[in-house]
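# Structure assessment
Spelled out, the chains give:
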Amino acid sequence: MSAVNRQIRLARRPVGEVGPEDWEHVSEPAAAPGEGQFAGRTRFISLDPAMRGWLDDRPSYLPPVGLGEVMRAGSVVEVTESNHPGFGIGDLVVGSFGVQEHVVSDGRGALRIDPSAAPASTFLGALGMPGMTAYFGLLDVGALQEGETVVVSGAAGAVGTLVGQIAKAKGCRVVGIAGGAEKCALLTGELGFDAAIDYRSEDVKKALRTHAPDGIDVYFDNVGGDILDAALAQLAMRARVVVCGAISQYNSTTGVQGPSNYLSLLVRRARMEGFVVFDYAPRFAEAARELGAWIAAGRITVLEHVVRGTLDDFPQTLQMLFRGENTGKLVLELV
Ligand code: NAP
């Protein structure tokens, strides 16, 4: 008797925050791999803010998830059966396999990981997409130079914790913006940031004047909205504003709040540039090597927030991102 493949499919397009009623929990027989394919069992599923955007029916860098389709997600699977020469039983493989318990793949876009190099979940975090995002966003788009002042929002999250630590490794002064005293203490303690601002209890604009008195050289924006505006008001000459994400806007039902302080780009001769990490795919190996070396040398601490549960826990785990309930990379481990 073949195994049952449980899946989370998109039942309807959410308005505002994603709710349990937006998903359909489906069971179907797990498929067997054909010629040139392998089958795998899902071990870890990545939770990403971008998932919210993929649910909206509007043009973006990837097509929207279709109604009735399995939810798109990065995951790590363990190969259980293989007719593919590149993947053997027991291999751990990372790829965009979706929110389901069993997958069949022809190996395209899939990468066999070396479990002796790092825990499997880290290939969804520091050595995966968020790591690549932090690395290329900061060093390539942000064109970071030693000795500069870097401010990063969403600082206690998957991308933010890495941005701050890479900037420290590059000899910069780093200020993180995050929600809550506990997250801020983590940033300035274990992660070695120079200062942290709790946007829930502090006046961010004022705090930036205190912690970046000579101005911000690189502002790495993960949240958009009022925090972006506060950072724009404190730019140094020739500053770079890296538009990585805008999580404060993803659930908006009234449209995206644009920056009102954008004229400081003119006054400070600054630039603001967005990017999509997938464009850097040909250079991922380069980033993984350098990030791996920093991790091995103890210069970067990897923070993961692993929720252990079943596929049914996916909807509420996703909501944690929008409520600030994760610290570091949020992953669902199927147990
Ligand atoms: P994450 O930071 O681990 O998790 C999201 C965090 O955002 C939450 O923990 C929460 O932390 C914060 N947040 C939630 N709602 C907020 C609000 N209204 N205002 C301010 N902060 C809020 O997520 P991640 O995976 O590292 O992603 C960070 C950003 O990078 C996202 O915007 C994502 O879309 C973007 N991204 C872009 C690319 C790209 O290619 N451009 C690739 C990957 C990720 P607090 O407790 O601090 O509020």
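Residues numbered from 1 in each chain as written. Predicted model: local features only at pLDDT ≥ 70, side-chain atom pairs only at ≥ 80, totals over all residues. Heavy atoms only, no water.

### Thoughts on the site of the ligand
- Taken together, 27 residues surround the ligand, and among them Val159, Lys183, Tyr199, Tyr250 and Asn326 come closest.
- Here Gly179 contributes a backbone N or O atom positioned 2.8 Å from an oxygen atom of the ligand.
- At a separation of 2.5 Å, an oxygen atom of the ligand approaches a polar side-chain atom of Tyr199.
- Across the complex, the protein chains shield 90% of the 920 Å² of accessible surface that the ligand would expose by itself.
- Among the secondary structure elements, those contributing two or more residues to the shell around the ligand are α2 (129–141), α3 (158–169) and α9 (314–322).
- Built from parts of two domains, the shell around the ligand gets at least three residues from each of domain 1 (4–125 + 302–334) and domain 2 (129–278). (Near = heavy atom within 4 Å. Polar contact = N/O pair within 3.5 Å; in protein donor to acceptor, adjacent residues only side chain to side chain. Areas by Shrake-Rupley, 256 points an atom, 1.4 Å probe, with all protein chains shown as cover. Helix = DSSP H or I, 4+ residues; strand = E, 2+ residues; numbered from the N terminus. Domains from an automatic or database assignment.)

### What about the domain arrangement of the protein?
- Along its sequence, the protein is carved into domain 1 (4–125 + 302–334) and domain 2 (129–278).
- Opposite the 20 residues of domain 1 that make contact, domain 2 presents 18 residues.
- Here domain 1 meets domain 2 over a buried area of about 1400 Å², counting both sides, of which 65% is carbon and sulfur.
- Counting across the domain 1 and domain 2 interface gives zero salt bridges.
- Our count for the contact surface shared by domain 1 and domain 2 stands at five residue pairs in polar contact (both at pLDDT 80 or more). (Contact = heavy atoms within 4.5 Å. Buried area = accessible area lost by both parts, 1.4 Å probe. Salt bridge = Lys/Arg side-chain N within 4 Å of Asp/Glu carboxyl O.)

### Focus: α9
- Of all nine residues that make up α9, seven are buried, and the element is covered over most of its length.
- All of the buried residues along α9 are Phe314, Pro315, Thr317, Leu318, Gln319, Met320 and Leu321.
- Looking at the buried residues of α9, the elements they touch are β1 (4–10), β2 (23–29), α1 (50–54), β14 (304–309) and β15 (329–334).
- Phi turns positive, to about 65°, at Gly324, one or two residues after α9. (Buried < 20%, exposed > 50% of the residue type's maximum accessible area, 1.4 Å probe, protein only.)

### Comments concerning the sheet that holds strand β10 (residues 195–198)
- In space, the six strands of this open sheet follow the order β10-β9-β8-β11-β12-β13, with parallel pairing throughout. For this open sheet the edge positions go to β10 and β13 (271–274), each flanked by a neighbour on one side alone. Neighbour to neighbour, the strand axes of the sheet diverge by 15° on average, direction disregarded.
- With four bridges joining them, strand β9 (residues 173–178) and β10 adopt parallel strand pairing. Looking at β10, one finds that Val175 is bridged to Ala195.
- Along the sheet face, helix α5 (residues 204–211) touches β8 (149–153), β9, β10 and β11 (216–221) and points at about 170° away from the line of β10. (Pairing = 2+ DSSP bridges. Axes fitted to C-alpha atoms, helices over the stretch in contact; angles between N-to-C directions.)

### Topic: the packing of aromatic side chains
- Inspection of every chain in the model, using the stated rule, returns eight aromatic pairs.
- Between the aromatic rings of Tyr135 and Phe136, the centroid separation amounts to 5.0 Å while the plane-to-plane angle is 80°, which identifies the pairing as edge-to-face. Of the two residues examined, Tyr135 and Phe136, each falls in the buried class.
- Consider the rings of Tyr135 and Trp294, whose centres lie 6.4 Å apart with planes at 50°: the pair is tilted. Placement of the pair is Tyr135 in helix α2 and Trp294 in helix α8 (residues 284–296), with a sequence separation of 159 residues. With respect to burial, Tyr135 and Trp294 carry one shared label: buried. (Phe/Tyr/Trp six-rings, centres within 6.5 Å; stacked < 30°, edge-to-face > 60°.)

### A closer look at the side chain of Asp221
- With respect to the helices and strands, the residue Asp221 is situated in strand β11.
- Despite being buried, Asp221 has no salt bridge partner; Arg271 is the closest side chain of opposite charge, sitting 14 Å away.
- Only 2.6 Å separates the side chain of Asp221 from the side chain of Tyr219, close enough to count as a polar contact. (Lys, Arg positive; Asp, Glu negative; His and termini not counted.)

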